[in-house]
Amino acid sequence: MKIELKQIKVRDIVSGYTNNEEEGVTGFNGSLNIRPPYQREFVYKDKQQKAVISTIVRGFPLNTMYWVKNEDDSFELLDGQQRTTFFYLLLKYLNFDGHFSIHYAVREQSDTFLKEFSVAAILNADYAKLDNEEFQDIYFFKKSIFIIDKYLKNIKKPDFLDYVKSKVRFLYISIPKE
């Protein structure tokens, strides 16, 4: 089995993004299944989120993700869904207006939240009441926005967004489906 480490820019992952309820979420011009149905809920720990922000700010590639290469030359995200979801929340925080979203078909309340949430509304809410959130995904989505704001509050969002889109890279390993 041949395993290759590759780099891809953020702008390439969000290129050709589609969100189809029946066929799932894809990016990379339709060649990457970003959220396969077997993926677990979003439970990204604070330390991991801080590490992603630090990695981006320092200009390093994001941690390696594993993509399974399908027979039709498309890919399925095997490992990296937590980073991808966190990265989506970061793009929302930075006011990214491109076509990129995440669809949680198996968890309707999480899916609705991701479609409708406002970064400003989250940041204006009482952080102490965050523990009252009924749904685990939504609790961690909101907490992520607070963590991102804590570390990036004083940046110029348009400049940082341009930097992220053009300079930040994901590392991925392509594994043949067997």
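Residues numbered from 1 in each chain as written. Predicted model: local features only at pLDDT ≥ 70, side-chain atom pairs only at ≥ 80, totals over all residues. Heavy atoms only, no water.

Another point: the overall build of the protein chain. A count of helices and strands for the protein chain gives seven helices and seven strands. Listed by position from the N terminus, the elements making up the protein chain come as β-α-β-β-β-α-β-β-α-α-α-α-α-β. For the protein chain, the residues scored as buried account for 46% of the 178 residues in total. Of the contacts made within the protein chain by residues no fewer than 6 positions apart, 72% connect residues no fewer than 24 positions apart. (Helix = DSSP H or I, 4+ residues; strand = E, 2+ residues; numbered from the N terminus. Buried < 20%, exposed > 50% of the residue type's maximum accessible area, 1.4 Å probe, protein only. Contact = heavy atoms within 4.5 Å.)

Here we take up the packing of helix α2 (residues 46-58) against helix α3 (residues 81-93). It is at 11 Å that the axes of α2 and α3 come closest, and there the two elements cross at 65°. As α2 packs across α3, the resulting crossing turns out to be right-handed. Contacts between α2 and α3 pair Gln 49, Val 52, Ile 53 and Ile 56 from the former with Arg 83, Phe 86, Phe 87 and Leu 90 from the latter. For the contact of α2 with α3, the per-class residue count stands at six nonpolar, one polar and one charged. (Axes fitted to C-alpha atoms, helices over the stretch in contact; angles between N-to-C directions. Left-handed = near helix turned anticlockwise from the far one by under 90°. Nonpolar A, V, L, I, M, F, W, Y, C, P; charged D, E, K, R; others polar.)

Right, let's talk about the nonpolar core for a bit. Core analysis: the largest hydrophobic core is formed by 43 residues, its most contacted members being Ile 56, Trp 67, Phe 87, Phe 117 and Val 164. Ranked by residues supplied to this core, first place goes to helix α6 (residues 136-152) with nine residues. Excluding residues within four positions of it along the chain, Ile 56 makes contact with Leu 62, Phe 87, Leu 90, Phe 160, Tyr 163, Val 164 and Val 168. (Core = buried A, V, L, I, M, F, W, Y, C linked by side-chain atoms within 4.5 Å.)

In this section: the packing of aromatic side chains. Throughout the structure, instances matching the rule amount to six aromatic pairs. Judged by centre distance (5.8 Å) and plane angle (15°), the ring pair of Phe 113 and Phe 141 falls under stacked. Here Phe 141 lies in helix α6 and Phe 113 lies in helix α4 (residues 108-116), a separation of 28 residues in the sequence. Considered together, Phe 113 and Phe 141 belong to a single accessibility category, that of buried residues. Considering the side-chain rings of Tyr 139 and Phe 140, the 4.9 Å spacing of their centres and the 85° angle between planes classify their relative orientation as edge-to-face. Each member of the pair Tyr 139 and Phe 140 is classed as buried. Site record: aromatic cluster; members linked through ring pairs are Phe 113, Phe 117 and Phe 141. Directly above the ring of Phe 117 sits Lys 92, whose terminal nitrogen or CZ lies 5.0 Å from the centroid. (Phe/Tyr/Trp six-rings, centres within 6.5 Å; stacked < 30°, edge-to-face > 60°. Lys NZ or Arg CZ within 6 Å of the ring centre and 35° of its normal.)

These results come straight from atomic positions and should not be treated as a statement about function.
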